[in-house]
Amino acid sequence: MKTRRARPADLPALSALIAHYAETGLLLPRTERELRARLADFLVLEDVEGLAGCVALEPYGPHLAEIRSLAVRPGAQGRGWGRRLLRFALRVARRRRIARVFAVTESPEFFLRHGFVPAARDAFPEKLQRDCLGCPKHRHCRLDAVVLTLRPLSKCSDPLPVLTPAIPALPAR
Ligand SMILES: CC(C)(COP(=O)(O)OP(=O)(O)OC[C@H]1O[C@@H](n2cnc3c(N)ncnc32)[C@H](O)[C@@H]1OP(=O)(O)O)[C@@H](O)C(=O)NCCC(=O)NCCS
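Residues numbered from 1 in each chain as written. Predicted model: local features only at pLDDT ≥ 70, side-chain atom pairs only at ≥ 80, totals over all residues. Heavy atoms only, no water.

*Asks:* I'm lost on the overall build of the protein in this one. Help?
*Replies:* From N to C terminus, the protein includes five helices and seven strands. In sequence order, the protein lays out its α and β elements as β-α-α-β-β-β-α-β-α-β-α-β. Looking at the protein as a whole, 45% of its 173 residues qualify as buried. Surface accessibility of the protein: about 9700 Å² in total, with carbon and sulfur atoms responsible for 54%. (Helix = DSSP H or I, 4+ residues; strand = E, 2+ residues; numbered from the N terminus. Buried < 20%, exposed > 50% of the residue type's maximum accessible area, 1.4 Å probe, protein only. Areas by Shrake-Rupley, 256 points an atom, 1.4 Å probe, with all protein chains shown as cover.)

In structure tokens:
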């Protein structure tokens, strides 16, 4: 079993894994087009059967990133794979000198076990702008935000998160 960055060949399995949990509302759905455009953000866990799990580390400027689309293969929960993916994502975030990572999730407890602390969702206006405002569930959202500081913001040359999305929004299909 190994962790690595996602490759184009992972797209069908990534899409199927995320769609599986999106159906039950545990993850936000991602279109194939969006996944292709965002493939560089994805890290995966692979075993002999293929894709065992995934996580995306989505940048919002140089100092802030979101942990998104964290999932392990259905039926394989509770084996430490989610923890392994999260730790891998945090290692990559540290290597990229990202100061803070956040998640907006149905499972805040999973993140709290790994050092994250609760945060207000509106502490991340970039996220609201990019994903939440267009979401049909926005007004009744049950998701919680959590955040982890990886290095003191005072050590950043620009202490404020950059509010402009790292890539422009995809045009509607
Ligand atoms: C959430 C998910 C990624 C966890 O992966 P996993 O491989 O089952 O979790 P692990 O076996 O690595 O568990 C690590 C720890 O977190 C705990 N944990 C696992 N899932 C949890 C959850 N949903 N809520 C709270 N704690 C959880 C485990 O009990 C374990 O605790 P321990 O360290 O005290 O033993 C996985 O259940 C999943 O794919 N869920 C569906 C998608 C989803 O909800 N993603 C998260 C939102 S971004």
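*Asks:* Explanation requested: the site of the ligand in the structure shown.
*Replies:* Neighbouring the ligand are 18 residues, the closest being Leu70, Gly80, Gly82, Arg83 and Arg113. Arg79 has a polar backbone atom sitting 3.3 Å from an oxygen atom of the ligand. At 2.6 Å from an oxygen atom of the ligand is found a side-chain nitrogen or oxygen belonging to Arg83. Contact with the protein chains hides 75% of the accessible area of the ligand, taken as 890 Å² for the molecule alone. Because more than half of its atoms lie within 2 Å of the grid, the ligand is assigned to the largest pocket. Mapped by element, the contributors of at least two residues to the shell around the ligand are β4 (64-72), α3 (81-95) and α4 (108-112). Class assignment for the residues of the shell around the ligand results in eight nonpolar, six polar and four charged. (Near = heavy atom within 4 Å. Polar contact = N/O pair within 3.5 Å; in protein donor to acceptor, adjacent residues only side chain to side chain. 1 Å grid on protein atoms, 1.4 Å probe; cavity = no way out; pocket = protein on both sides within 12 Å on 5 of 7 lines; lining within 4 Å. Sits in = over half its atoms within 2 Å of the grid points. Nonpolar A, V, L, I, M, F, W, Y, C, P; charged D, E, K, R; others polar.)

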